[in-house]
Amino acid sequence: MLLCLSSNHGNASFDLLDRLSVNAVETTSSLVTSSHFVSGAVVLATCNRFEAYLDIDEPLTAATAVAVASTLEALSESSGIPVAELRASIQVHEGADVPAHLFAVTSGLESVVVGEDEISGQVAAALARARREGTTSRDLERLFQRATSTSRGVKNRADVGGAGRSLVRLALELASSRIDDWAGMRVLLVGTGQYAGTTVAALRQRGAEDIRVYSPSGRGAPFAARHALTVSDDFEVDVIVTCTSKTVLGVERFPGSHARLVIDLGLPRNVAPAVAQLPGVELLDLETISLHAPLEQLSAHDDARAMVRDAAHQFTADTAAEPAIVALRGYVFDVLEDELERARSRGASEETQRALKHLASVLVHAPSVRARELAAEGRLDEFVAGLDAVLGVQPTAPVRSAGASGRSSAEAESA
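Let me sum up the structure you'll find in this document. (Residues numbered from 1 in each chain as written. Predicted model: local features only at pLDDT ≥ 70, side-chain atom pairs only at ≥ 80, totals over all residues. Heavy atoms only, no water.)

**Brief notes about the overall build of the protein**
Link 1 in the chain: For the protein, the helix and strand inventory stands at 15 helices and 10 strands.
Link 2 in the chain: Here the protein, with 415 residues, has 49% of them falling under the buried criterion.
Link 3 in the chain: Partitioning the intrachain contacts of the protein with sequence separation of at least 6 by distance along the chain shows that 70% fall at a separation of at least 24.
Link 4 in the chain: Total accessible area on the protein is roughly 18,800 Å²; 51% of this is exposed by carbon and sulfur atoms. (Helix = DSSP H or I, 4+ residues; strand = E, 2+ residues; numbered from the N terminus. Buried < 20%, exposed > 50% of the residue type's maximum accessible area, 1.4 Å probe, protein only. Contact = heavy atoms within 4.5 Å. Areas by Shrake-Rupley, 256 points an atom, 1.4 Å probe, with all protein chains shown as cover.)

**Some points on the nonpolar core**
Link 1 in the chain: Counting residues in each nonpolar core, the largest one holds 60 residues, and the members touching the most others are L54, W182, I263 and L265.
Link 2 in the chain: A total of seven residues in this core trace back to one element, the largest contributor, which is helix 8 (residues 167–176).
Link 3 in the chain: Ignoring sequence-local partners within four residues, the contact set of L265 consists of C47, V168, A171, Y195, T199, V241, T242, C243, L286 and I289.
Link 4 in the chain: Residues L44, I119, A147 and F315 belong to the second largest nonpolar core, which totals 27 residues. (Core = buried A, V, L, I, M, F, W, Y, C linked by side-chain atoms within 4.5 Å.)

**Focus on the packing of helix 6 (residues 119–133) against helix 7 (residues 138–157)**
Working note: a packed helix pair is described by the angle between its axes plus the distance between those axes.
Link 1 in the chain: At a closest axis distance of 10 Å, the pairing of helix 6 and helix 7 adopts a crossing angle of 160 degrees. One finds that helix 6 runs roughly antiparallel with respect to helix 7. Regarding helix 6 and helix 7, the two cross each other, and that crossing is left-handed. Packed against helix 6, whose contacting residues are S120, V123, L127 and R131, the element helix 7 presents E141, F144, Q145 and S151 at the interface.
Link 2 in the chain: Taken together, the residues of the contact of helix 6 with helix 7 break down into three nonpolar, three polar and two charged. (Axes fitted to C-alpha atoms, helices over the stretch in contact; angles between N-to-C directions. Parallel < 35°, antiparallel > 145°, perpendicular 65-115°, else oblique. Left-handed = near helix turned anticlockwise from the far one by under 90°. Nonpolar A, V, L, I, M, F, W, Y, C, P; charged D, E, K, R; others polar.)

**Digging into unusual backbone geometry**
Link 1 in the chain: The phi dihedral of A228 falls on the positive side, at around 55 degrees, and the residue is not glycine.
Link 2 in the chain: Take A228: it is sitting in the loop between helix 10 (220–227) and strand 7 (230–231).

**Concerning the packing of helix 5 (residues 97–106) against helix 7**
Link 1 in the chain: Across the interface, helix 5 lies against helix 7 with an axial gap of 8 Å and an inter-helix angle of 45 degrees. It follows that helix 5 is oblique to helix 7 by the angle criterion. Of the two elements, helix 5 crosses helix 7, and the hand of that crossing is right-handed. Where helix 5 abuts helix 7, its residues V98, P99, L102, F103 and T106 lie against L143, F144, R146, A147, T148, T150 and S151.
Link 2 in the chain: Classifying every residue of the contact of helix 5 with helix 7 by side-chain character gives seven nonpolar, four polar and one charged.

**Details of helix 13 (residues 350–376)**
Link 1 in the chain: For helix 13, which comprises 27 residues, the first-to-last C-alpha distance of 39 Å matches the rise-based estimate of 39 Å (1.5 Å per residue) to within 8%.
Link 2 in the chain: Of the residues one or two after helix 13, G378 is the one with positive phi, at around 75 degrees. (Expected span 1.5 Å × (residues − 1).)

**Topic: the sheet that holds strand 3 (residues 49–56)**
Link 1 in the chain: Pairing is antiparallel in the open sheet, where four strands are placed in the order 2-3-1-4. Only two strands of the sheet have a single neighbouring strand rather than two, namely strand 2 (38–46) and strand 4 (91–94). Between one strand axis and the next, the sheet turns by 15 degrees as a mean value, whatever way the strands run.
Link 2 in the chain: As paired strands, strand 2 and strand 3 are joined by eight bridges and run antiparallel to one another. (Pairing = 2+ DSSP bridges.)

**Some remarks on a nonpolar patch on the surface**
Link 1 in the chain: Among the surface-exposed residues, Y331, V335, V390 and L391 lie close enough to one another that they form a single nonpolar patch of about 340 Å² accessible area.
Link 2 in the chain: Taken together, the elements giving at least two residues each to the nonpolar patch come down to helix 12 (302–345) and helix 14 (380–391).
Link 3 in the chain: Following the sequence through the fold, V335 ends up in helix 12.
Link 4 in the chain: Overall, the relative accessible area of 38% leaves V335 in the partly exposed class. (Patch = residues over 30% accessible without salt bridge, like charges linked within 9 Å, V, L, I, M, F, W, Y side chains within 5 Å. Salt bridge = Lys/Arg side-chain N within 4 Å of Asp/Glu carboxyl O.)

**Quick word on the sheet that holds strand 8 (residues 239–242)**
Link 1 in the chain: In spatial order, the strands read 7-6-5-8-9-10; together these six strands make up an open sheet with parallel pairing. The two strands at the open ends of the sheet, each matched to only one other strand, are strand 7 and strand 10 (281–284).
Link 2 in the chain: Pairing of strand 9 (residues 260–264) with strand 10, which is carried by four bridges, proceeds in the parallel orientation. Within the sheet, the bridge partner assigned to R260 lies in strand 10 and is V281.
Link 3 in the chain: Running at roughly 160 degrees to strand 9, helix 8 makes contact with strand 9 and strand 10 of the sheet.

**Examining the pattern of salt bridges**
Link 1 in the chain: All chains considered together, the criterion is met by 19 salt bridges.
Link 2 in the chain: Between R146 and D318 there is a salt bridge whose closest N-O contact spans 3.2 Å. Residue R146 is found in helix 7, and its partner D318 is found in helix 12; the two are separated by 172 residues along the sequence.
Link 3 in the chain: Judged by relative accessible area, which is 25%, R146 ranks as partly exposed.

**Focus: the packing of aromatic side chains**
Link 1 in the chain: For the coordinates displayed, the defined rule picks out four aromatic pairs.
Link 2 in the chain: On the numbers, 5.6 Å between centres and 70 degrees between planes, the contact of Y214 with F235 is edge-to-face. With Y214 in strand 6 (residues 210–214) and F235 in the loop between strand 7 and strand 8, the pair connects residues that are 21 residues apart, well separated along the chain. Across the pair, F235 and Y214 agree in class, each one buried.
Link 3 in the chain: Put simply, the rings of Y214, F235 and F254 pair up and form one aromatic cluster. (Phe/Tyr/Trp six-rings, centres within 6.5 Å; stacked < 30°, edge-to-face > 60°.)

Structure below.
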């Protein structure tokens with residue numbers, strides 16, 4: 001069973017998200033070891049959300065409550081945030097609600113700026129990190145891969161938030177109210193990651209010409225070469241844009257009284273709040289940016305929402321049908337193997353054996369498609385009954401209704 005604990009810009013402060021995100025990678029492995037029920041975990045930490053996606057391998061009702069409690073304890077230990085504070089700022093999605101939520105998140109429908117470009121890449125990066133850490137699972141792999149394909153479909157078929165909307169572009173739109181001519185601005189970019197590349201492109205679209213890069217990790221030179229920038233550690237510039245990780249710039253980085261606009265796109269934050277009190281420094285951070293998100297961007301188009309709902313429903317149906325399909329395939333291919341053994345003993349050619357394997361695959365395909373269709377219609381029990389009546393085959397895993405929805409956090413905690 002899938003479970004998601006979500007803390008985001010809609011239900012938590014940016015300070016809490018900041019503290020959760022500091023140890024996001026380290027937290028992932030601890031989630032798997034925090035409960036005997038958790039067999040896989042993927043943590044998604046972005047500039048406006050922290051979410052833990054868990055694969056629970058225990059069907060008992062109490063397992064959900066135990067998994068939620070142990071996850072909250074693990075998050076509390078890694079972040080230093082009291083469990084009670086976390087509980088008040090985290091929403092729990094369970095079962096069919098998990099794909100519906102992740103698909104909407106990946107498609108940019110739950111972002112501060114609806115339709116932002118970066119989130120789908122961040123979801124893919126979260127799965128890649130879980131793979132490297134060895135914390136993902138088969139069901140989580142399927143979930144995240146389907147989320148990515150759903151996001152592509154939404155992007156290609158629905159104009160969500162307008163082309164090219166992103167937090168970076170929104171931040172620069174807000175900054176442009178303070179800047180008359182970007183071409184005359186000296187800009188220092190702090191960071192060399194995915195956001196940094198997006199920021200360079202957005203700055204140039206605004207007309208910025210003098211863009212320099214500073215990398216606390218020392219990766220500035222190759223990034224500068226790729227983007228035709230200059231490497232610099234001089235903070236006496238007109239605009240500073242930060243988008244790095246695990247780096248906090250304190251007041252010592254801003255000597256003198258030169259007037260500067262500082263745009264902090266990092267989470268955890270890259271610029272200490274005290275910098276905003278320095279003479280001549282104006283700090284534009286994520287919290288400020290989110291408050292200025294255009295109202296028309298805060299609700300997605302109905303067609304995009306419908307696409308996400310349909311994709312989530314189909315994913316849930318496919319998941320529900322899988323045990324029955326596996327049982328059918330197991331029966332057919334066991335019969336196939338017996339027939340292949342007999343054919344080999346009679347000197348059957350490789351071509352004949354390939355033909356038998358192809359025939360078995362063809363025979364399984366149509367019933368498998370029908371099983372998914374019936375699951376989507378809430379009639380999977382008819383398919384399972386047919387397997388038993390005709391072949392004497394039963395799924396080894398419990399068959400769940402495709403229409404079962406998740407429960408609220410309060411219900412999960414009281415289970």
